[in-house]
Amino acid sequence: QVHLVESGGGLVQSGGSLRLSCEGTGNIYRINNMAWYRQAPGKERDLVATIQRGGETHYVDSVKDRFTISRDNAKNTVYLQMNNLKLEDTAVYLCFAEIQVSANYEYDYWGQGTQVTVSS
């Protein structure tokens, strides 16, 4: 079985920083695209940032110049460095990955989510 295990969420004051981590565990042949999403109470799940296996990144406008997504392919891990956090960044943050369990089979996986709360 394959799992994505997140860590690093918590409570932080506005303007502060947090670093999220998400590690893939289990029967992993290769991890392709990885991403972070977030979901605030009563709202839909929204994309935050993506990173391809080769390192190409994409950010939504609301987090550009504040958040940085990175990955360590040897550790099957993706990170999200969040700086200058704002009240509106409060949400459950979820990790997503396209994972090959063999050379011919790829599936989508989600982490369980980690709460990020920004206070004034």
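Located above this text is the structure these notes cover.
Residues numbered from 1 in each chain as written. Predicted model: local features only at pLDDT ≥ 70, side-chain atom pairs only at ≥ 80, totals over all residues. Heavy atoms only, no water.

Novice: Help me understand the overall build of the protein, please; the structure alone is not making it clear to me.
Specialist: When helices and strands are counted, the protein shows zero helices and 11 strands. Moving toward the C terminus, one meets the helices and strands of the protein in the order β-β-β-β-β-β-β-β-β-β-β. The globule rule puts the C-alpha radius of gyration for 120 residues at 14 Å, and the 14 Å found for the protein is close to it. Counting over 120 residues, the protein shows a buried share of 39%. Residue pairs at least 24 apart in sequence account for 54% of intrachain contacts in the protein once pairs closer than 6 positions are excluded. Carbon and sulfur atoms form 43% of the exposed surface of the protein, whose accessible area is close to 6,500 Å². (Helix = DSSP H or I, 4+ residues; strand = E, 2+ residues; numbered from the N terminus. Rg over C-alpha atoms; globule rule 2.2 N^0.38 Å. Buried < 20%, exposed > 50% of the residue type's maximum accessible area, 1.4 Å probe, protein only. Contact = heavy atoms within 4.5 Å. Areas by Shrake-Rupley, 256 points an atom, 1.4 Å probe, with all protein chains shown as cover.)

Novice: Explain unusual backbone geometry to me, please; I cannot follow it from the model alone.
Specialist: If a residue is not glycine, its phi is most likely negative; likewise, a peptide bond is most likely trans. Phi is positive for Asn76, close to 50°, though the residue is something other than glycine. Structurally, Asn76 can be placed in the loop between strand S7 (67-72) and strand S8 (77-82). Of note in this structure, Asn84 is not a glycine but carries a positive phi near 50°. Positionally, Asn84 belongs in the loop between S8 and strand S9 (91-100).

Novice: Hey, could you run me through the nonpolar core in this one?
Specialist: Buried together is how nonpolar side chains tend to be arranged in soluble globular proteins. Formed by 28 residues in total, the largest nonpolar core has its most connected members in Trp36, Leu80, Met82 and Tyr93. The biggest single contributor to this core is S9, with five residues. (Core = buried A, V, L, I, M, F, W, Y, C linked by side-chain atoms within 4.5 Å.)

Novice: What's the story with the state of the cysteines in this structure? I'm lost.
Specialist: Two cysteines whose sulfur atoms are joined by a covalent bond form what is called a disulfide. Going through the model one piece at a time under the given rule, you end up with one disulfide. Note on cysteine connectivity: Cys22 is disulfide-linked to Cys95, with sulfurs 2.1 Å apart. Residues Cys22 and Cys95 share a disulfide whose torsion about the S-S bond is about -80°; that sign makes it left-handed. Linking Cys22 in strand S3 (residues 18-26) with Cys95 in strand S9, this pair joins segments that are 73 residues apart in sequence. Residue Cys22 shares its accessibility class with Cys95, and that shared class is buried. (Disulfide = S-S within 2.5 Å.)

So yeah, pure geometry; function would need other evidence.
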